[in-house]
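What follows is each chain in one-letter form.
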Amino acid sequence: MNRKLEKEFQDLIKVVKEHDEKANIEKIKFAWEFAKIAHTDQKRLSGEPFVNHPLQTAKILAEWRLDSTSIIAALLHDTIEDGGAVRADIVKEFGEEVALLVDGVTKVTALRLKGSKEEVYTENLRKLLLVMAKDLRVVLVKLADRFHNMRTLSALPANKQNENAIETLEIYAPLAERVGVGEVKGQLEDLAFPFAYPKEFKKTIETSKTHYKEVESYIGKMRRVLLRKLTKEGIKAKIHGRKKHLYSLWKKLNRPEINWDFDKIHDVVAMRIIVNRIPQCYTALGVVHGTYRPVPNIGVSDFIAQPKPSGYRSIHTKVFGPGRRIVEIQIRTNKMHEQAEFGIAAHWAYGEAKSRGVKDVILEAMGVRTDENKLLWVKQLINWQKEITDSKEFLEAVKFDAFHHRNFIFSPMGDVYDLPDGSTPVDFAYAIHSDLGSYTKGARADGKMVPLDYKLKSGQVVEILKSKTPNVNADWLGFAVTTVARREIKKFIQGKTEAPKVDDNNRHLSNKGKKR
Ligand code: MN
């Protein structure tokens, strides 16, 4: 028995109990024993026992206040892929729900969005989310997994460090933002920054050092003054200075209008005043403005009265602090603070009255009921997260798959194609390119060979195997469902009996707009 690990596990239980009275502690303990057996004798590159990784992943989720099922899934998330367990064991011991979460995490890992063209990238990311949003907890477990991997990145060889860091910046940080865990996004970026762009990281650290010091000293002064005045008003407040995350500071410094001039950035350190109730936010604002003059024109934004589209709430103001320096001050309640930091996860902790049916909200927000079927991703997720408040209802909602009738099929490069129900590898091949369609010889779905009439499932990664010569078969008309595939197959068969000439114009037209 490894004392240090067992102590870490006891810490996990402590955090879980703090946030969730109804947590299934026995099952969590059992998952821990299961993980230890599955990862027997396995080590991480750092030399530590492998099982510390799922343990730390679970701990991160406990800090984000996720439920027992997520914690259990986190403990088990690598037992199939890297450990000695099989799926059937997980289903038998922990149930289908946990097994599905573990599957989902593995699947996300397999998807690579690298190599996608810039313009399709964002759309692909959204669709990736769609597939995973069958249960949003999958995203959160995956983010926690990545979070721990980033904290231990220095154990990897240098080229892997850079690769993982870039991937974190390109995929996982935006993902964190999209599910509303903004604080996690900032932390992931800062973990990745030194490995992704070492030179730029050093430059940012060095140039900001003196500036930070200076800012911290006058923020400290303001903090003492404001705390005293707020106490006089009978408000119990917490005030802290919050450094801007380094990576986002770097990005801001690079903007042409800033051009590395620190005096043009007013939120290098922002001050946060956290109070209990909403009316106190406005009283605090009065105290702040009574003490420090607000900056004209760029002054106050009231995101409490008018929350940001992401659901973010706070009052922001900019004032002239000591030495006439501009300081940004954010005022919010404890609850707003938790929601801003933990996003979706915070909803496990808070219950509020609901006003509308969950499914209606989701369907509407996701644009399913609009004519164009617009996929306004970010907003939808956040919208339902705003509307869904009761935690049982929330659980139902994250498990509800609003897109069960859509099929998103991925190419091995990460491109996404939206195909109708019943689509086969032949349909997929023609969707990519009519040439590829006619050369289709076989297909692999999620790495396994499948017949050409196989019905593809949403979220599968499909690879088309090509023959050397055109391979179109009239039998394909018996199972191909998309208009494009059927038209091309018919054209090919007719062309064979009539004229084998290819009409360039026609081909051009038939290819247009297929790729999504
Ligand atoms: Mn892992």
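Placed above this text is the structure.
Here goes a summary of the coordinates provided. All figures in this text were calculated on a predicted structure; none of them were measured in a lab.

Summarising the metal site, the manganese ion is bound by the protein donors His53 (NE2), His77 (NE2), Asp78 (OD) and Asp145 (OD), whose distances to it range over 2.2 to 2.3 Å. Written as a sequence motif, the donor arrangement for the manganese ion is H-x23-H-D-x66-D. With His53 in helix α3 (residues 52-63) and Asp78 in the loop between α4 (68-76) and α5 (87-94), this residue pair connects regions lying 25 residues apart in the sequence. Taking the relative accessible area as the measure of exposure, His53 reaches 1% and is therefore buried.

Two elements in contact, helix α8 (residues 137-151) and helix α10 (residues 182-196), have axes separated by 9 Å at closest approach and are oriented at 30 degrees. With respect to α10, the axis of α8 lies roughly parallel. α10 is crossed by α8, and the crossing has left-handed handedness. Touching Leu143, Arg146, Phe147, Met150 and Arg151 of α8 are Val184, Gln187, Leu188, Leu191 and Ala192, all from α10. Here the contact of α8 with α10 is built from residues that sort into seven nonpolar, one polar and two charged.

Further remarks concern the sheet that holds strand β1 (residues 238-243). As summarised here, the arrangement of the five strands in space is β1-β2-β5-β4-β3, forming an open sheet in which the pairing is mixed. In this open sheet, the two edge strands, each paired with only one partner strand, are β1 and β3 (301-302). For β3 and strand β4 (residues 315-320), the ladder comprises two bridges, and the chain directions are antiparallel. Within the sheet, the bridge partner assigned to Asp302 lies in β4 and is Ile315. With respect to the sheet, helix α11 (residues 198-232) is in contact with β1, β2 (269-275), β4 and β5 (326-333), its orientation differing from that of β2 by roughly 20 degrees.

Rules used throughout
Residues numbered from 1 in each chain as written. Predicted model: local features only at pLDDT ≥ 70, side-chain atom pairs only at ≥ 80, totals over all residues. Heavy atoms only, no water. Donors = N, O, S within 2.8 Å, 3.2 Å for Na, K, Ca; no water. Helix = DSSP H or I, 4+ residues; strand = E, 2+ residues; numbered from the N terminus. Buried < 20%, exposed > 50% of the residue type's maximum accessible area, 1.4 Å probe, protein only. Axes fitted to C-alpha atoms, helices over the stretch in contact; angles between N-to-C directions. Parallel < 35°, antiparallel > 145°, perpendicular 65-115°, else oblique. Left-handed = near helix turned anticlockwise from the far one by under 90°. Contact = heavy atoms within 4.5 Å. Nonpolar A, V, L, I, M, F, W, Y, C, P; charged D, E, K, R; others polar. Pairing = 2+ DSSP bridges.

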